Amino acid sequence: MALQEQENFRDSIGTISEDGKRNHIFPKKPSGKFTNYRTYLSWFLLAILVISPFIKISGNQFLLFNILEGKYNIFGQPFWPQDFYLLVLSMLVGIVFIILFTVIFGRIFCGWVCPQTIFMEMVFRKIEFWIEGDRGKQIRLNKQPWNADKIRKKVIKWTIFFIISFLIANVFLAYFIGSDVLLQYITGNPLDHISTLIKLLVFTLVFFFVFAWFREQVCIIVCPYGRLQGVLLDRKSIVVAYDYKRGEDEQGRKKFRKNEDRNEMGHGDCIDCNQCVVVCPTGIDIRNGTQLECVNCTACIDECDDIMDKVGFEPGLIRYASEDDITKGEKFKFNARIKAYTAVLTILVGVLVTLLFLRSDIEATILRLPGQNFTTTETSVTNLYNFKLINKTVKDLNNVEIKLISHAGEVRIVGGNSKIAKGSLTDGMIFIEIDKKDLESSKDKLKIGIYSDGKLIETTSTNFTGPMKIK
Ligand code: SF4
Ligand code: SF4
């Protein structure tokens, strides 16, 4: 039956049986060019994921997202909650980038970069193949009663899964609490930080549950990105696609028969071997067209190319292609929608880069003490302020001083430190005393300089109040 007439596949999903129970997928072990490329890339990405929290730049963790303490490092540069606007802008850039990327390349991210797919297909699934064998053996093992062989294999597999889940939880924890603290916890007494240990075990169980049981359901049911495909993809998006023009004739697909000239018979190239279906980790038949469940893992491309090679046909019956490529032979073009997204993305990236360059190394906040009025003497007025100085740089600041720039006067510091270590802050109070003759009104704006080792490193401003009539 031709593709266009086959619509009944939409009535069910491969991972749920007719009586509503979970249909576990036992995909065939994939192999081929794309699987090899994805494997190499996954090694690289896994190495980055594991190593990043342990890399230090000028003593700062390369990537750190310590939400509880409000400390963030990106590429070794410390960011503070005060830089939240940069985070929001970065997220906007990320969203537009993902939209643009998806419009052009479909779900290529899911198959090649997504941590869920990488852990599932490149770590846990490979261990499963290693212990339980390929698809046929796994199906038989699951059907057989619980004998010694089954118990041994399952216990070994789940133990290894649990250990890897625990390691993943530790790596993620290093991103949140910092690798130094994590190493301290690991080498210290677990009872001293029992709440962290409990959280770690909870995350371990979550990872174990996801990779041992829930698996492709994350992509199909939970992941919001997968749900967006319907609105983002169009006929020009490049996705993993079956070339039904090439694969079928009017009567649909025809099985392979030895010594038959398929060209003469007018048959398409799909020999209906079903290998692209059994290799699919989400249990779909890509020949039905682009579907929400397809994570673009390329396993069906490799499998079909292998079949094509065996029967002597050209590879690429399943390949990266757009609908327009398949139906009209049209190659990728920059259409108006892509141009619009690109323009928005360019503007957002420009704004983000500008703000990053303008971002000051020192954040200085000097605010009048709430509810505190000024005090006066015969000749001068004094106001009391709270101050907070944040060192956002990767080097310590020594001999830090606060001085008036706009007015002559005296600054007396109470509390705080004259040394601010990199990525830390100091706070305290200051009295600012100014001669009445130097004040212009009852509410002057002061310009204040922050100096380190005698060098001006930041300026800030605050209000200075005084009596209505200044003599
Ligand atoms: S693997 Fe290729 S030839 Fe076999 S059923 Fe799938 S599309 Fe057809
Ligand atoms: S249809 Fe092909 S690319 Fe999509 S998930 Fe299945 S095997 Fe992977």
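Being a predicted model, the structure only gives us computed values, none of them experimental.

Asker: Tell me about the overall build of the protein chain, and name the residues and values.
Answerer: Per the secondary structure count, the protein chain includes 16 helices and 15 strands. Taken against the 2.2 N^0.38 rule, which gives 23 Å for 471 residues, the C-alpha radius of gyration of the protein chain at 32 Å runs more than 25% over that of a compact globule. Expressed as lengths along the three principal axes of its C-alpha atoms, the size of the protein chain is roughly 110 × 60 × 40 Å. Across the 471 residues that make up the protein chain, the buried fraction comes to 44%. Long-range pairs, those at least 24 residues apart, make up 68% of the contacts in the protein chain between residues at least 6 apart in sequence. Working note: accessible area of the protein chain is about 25,800 Å², and carbon and sulfur atoms make up 62% of it. Across the protein chain, 59 positive and 51 negative side-chain charges occur, with their mean positions spaced 3 Å apart.

Asker: Explain the site of ligand 1 residue by residue, including any values.
Answerer: In the region of ligand 1, the neighbouring residues are Tyr242, Cys270, Ile271, Asp272, Cys273, Asn274, Cys276, Arg287, Cys304, Met308, Leu317 and Ile318. Tallied by class, residues from the shell around ligand 1 come to 9 nonpolar, 1 polar and 2 charged.

Asker: How would you explain the site of ligand 2 if you had to name every residue and give the values?
Answerer: As a matter of local geometry, ligand 2 sits amid 13 residues, with Cys280, Cys294, Val295, Cys297 and Cys300 nearest to it. Per-class residue counts for the shell around ligand 2 are 10 nonpolar, 3 polar and no charged.

Asker: Requested: an account of the sheet that holds strand β14 (residues 443-452), with residues and values cited.
Answerer: Overall, antiparallel pairing links the 3 strands, which are arranged β11-β14-β15 in an open sheet. With partners counted over all chains shown, the strands left at the sheet margins are β11 (400-404) and β15 (455-465), one partner each. On average, each strand axis in the sheet is tilted by 25° relative to the strand beside it, whichever way the strands run. Looking at chain direction, β11 and β14 are connected through 5 bridges and run antiparallel.

Asker: For the side chain of Gln217, give the residues involved together with the corresponding values.
Answerer: Structurally, Gln217 can be placed in helix α9 (residues 217-222). Apart from the residues lying within four places of it in its own chain, the contact partners of Gln217 are Thr15, Arg22 and Val222.

Asker: Which residues make up the pattern of salt bridges, and what values go with them?
Answerer: Throughout the structure, instances matching the rule amount to 32 salt bridges. Glu128 is paired through a salt bridge with Arg215; the nearest N and O atoms lie 2.9 Å apart. A residue pair is termed long-range when its members are at least 10 positions apart, and Glu128 in helix α4 (residues 115-132) and Arg215 in the loop between α8 (194-214) and α9 qualify at 87 residues.

Conventions and cut-offs
Starting afresh in each chain, residues are numbered from 1 along the sequence in its written order. The lettering of chains begins at A and the numbering of ligands begins at 1, in the order of writing. Per-residue local features of the predicted model are confined to residues with pLDDT of at least 70, and side-chain atom pairs are confined, for both listing and counting, to 80 or more; whole-chain, interface and lining totals are unaffected and use all residues. For the side-chain quantities, the full set of heavy atoms in the structure was used; hydrogens and water were omitted. Only DSSP runs of H or I covering at least 4 residues are called helices, and only runs of E covering at least 2 are called strands; the numbering of each starts at the N terminus. For this measure, only C-alpha atoms enter the radius of gyration; the expected value for a globule follows 2.2 Å times N^0.38, where N is the number of residues. For every residue, the accessible area obtained with a 1.4 Å probe (protein chains only) is divided by the maximum for its type, and the residue is called buried under 20%, exposed over 50%, and partly exposed between those limits. We call two residues in contact whenever any of their non-hydrogen atoms come within 4.5 Å of each other. Calculation of accessible area relied on Shrake-Rupley with a 1.4 Å probe; when residues are assessed, cover is drawn exclusively from the protein chains displayed. His is not counted, nor are the chain ends, whereas Lys and Arg count as positive and Asp and Glu as negative. A single reference atom marks each charge: NZ on Lys, CZ on Arg, CG on Asp, CD on Glu. Here a residue is near a molecule or strand as soon as one of its heavy atoms is found within 4 Å of it. Under the grouping applied here, Gly and all other residues not named as nonpolar or charged are polar, the nonpolar ones being Ala, Val, Leu, Ile, Met, Phe, Trp, Tyr, Cys and Pro and the charged ones Asp, Glu, Lys and Arg. Whether two strands pair comes down to DSSP finding at least two bridges between them. To get an axis, a line is fitted to the C-alpha atoms, and for a helix only the part in contact is used. The angle between two axes follows their N-to-C directions and goes from 0 to 180 degrees. We define a salt bridge as a contact between a side-chain nitrogen of Lys or Arg and a carboxyl oxygen of Asp or Glu at a distance within 4 Å.

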